Amino acid sequence: MSDEITVHPLPWPPAPIRTERLVLREPGTRDRAAFIELLASPEVHTYLGGPRPRDELEREMSPVPERWPGSFVVELDGSMIGQILLRRATGNRRPAAAGKADLGYLFLPRAWGFGYAAEACAAALGWFADALPGEPVVLATQTANDRSMRLAAKLGFTEVERFEAWGAEQWLGMWSPVTPSA
Ligand SMILES: CC(C)(COP(=O)(O)OP(=O)(O)OC[C@H]1O[C@@H](n2cnc3c(N)ncnc32)[C@H](O)[C@@H]1OP(=O)(O)O)[C@@H](O)C(=O)NCCC(=O)NCCS
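Because the structure is predicted, anything quoted here is derived from the model rather than measured. (Residues numbered from 1 in each chain as written. Predicted model: local features only at pLDDT ≥ 70, side-chain atom pairs only at ≥ 80, totals over all residues. Heavy atoms only, no water.)

Caption draft 1: Structural detail: the nonpolar core. Core analysis: the largest hydrophobic core is formed by 37 residues, its most contacted members being Leu24, Phe72, Ile84, Leu103, Phe107 and Phe157. Within the residue set of this core, elements represented by two or more residues are strand E3 (22-25), strand E4 (71-76), strand E5 (79-89), strand E6 (101-107), helix H3 (116-131), strand E7 (137-142), helix H4 (146-155) and strand E9 (168-175). The dominant element in this core, judged by the number of residues it contributes, is H3, at eleven residues. Those residues in contact with Phe107 that sit more than four places away from it in its chain are Leu38, Val44, Val74, Ile81, Gly82, Gln83, Ile84, Trp112, Tyr116, Ala117 and Ala120. Of all hydrophobic cores here, the second largest spans 15 residues; its members include Ile36, Ala40, Met61 and Trp68. (Core = buried A, V, L, I, M, F, W, Y, C linked by side-chain atoms within 4.5 Å. Buried < 20%, exposed > 50% of the residue type's maximum accessible area, 1.4 Å probe, protein only. Helix = DSSP H or I, 4+ residues; strand = E, 2+ residues; numbered from the N terminus. Contact = heavy atoms within 4.5 Å.)

Caption draft 2: Spotlight on the pairing of strand E8 (residues 158-165). Looking at chain direction, E8 and E9 are connected through seven bridges and run antiparallel. Looking across to E9, one finds that Glu161 is bridged to Leu172. (Pairing = 2+ DSSP bridges.)

Caption draft 3: The environment of Gly50, seen in detail. Its place among the elements puts Gly50 in the loop between helix H1 (32-40) and helix H2 (54-60). Look at Gly50 and you get partly exposed, because its relative accessible area is 30%.

Encoded structure:
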């Protein structure tokens, strides 16, 4: 996947976003070990084409990993538990998603099952809706990824289509901000 990753024009970095239990902020040097754990985790990458080798990550990862507009570290009690990605995939293969912002999420397995991903994604979508009013967001996930499918539904994404790619059935969903009626 070599799609360009920009979400311009976004006011970036935003001030840290605080939810009931979490903080969303841009990545920093203190997150490097957690990013390596996240990207090397076979469990996290079951439906994402497999993890990256840990030694390669240790060698090659930037001192400030994943620092780009739309990349949020999700922090619980001062430690990173996951990443939220909001990016515009300019070369998206699905016409319905072309040019739209795309939501992704990766959480460390020990942080699954507590509603943290839902809480963080809802906050990121709220921030996005304030920054770019009226803009929809798309999300692609494997249909076999039950946790991700449940999360997408909980966040209010609705199905656009299902398609085959990378040897598996994929789900494309879309989210639109609720606009107050006149
Ligand atoms: C997809 C992923 C982020 C989902 O994480 P998750 O923790 O299951 O998602 P949520 O934050 O919605 O949490 C839901 C679970 O928390 C439970 N929960 C516990 N306390 C809760 C609370 N206070 N509020 C809400 N839910 C709570 C829910 O009951 C639910 O449990 P269940 O799965 O047993 O039904 C995670 O599995 C992951 O990182 N996967 C690997 C990466 C990936 O595949 N990403 C998709 C590609 S875009």
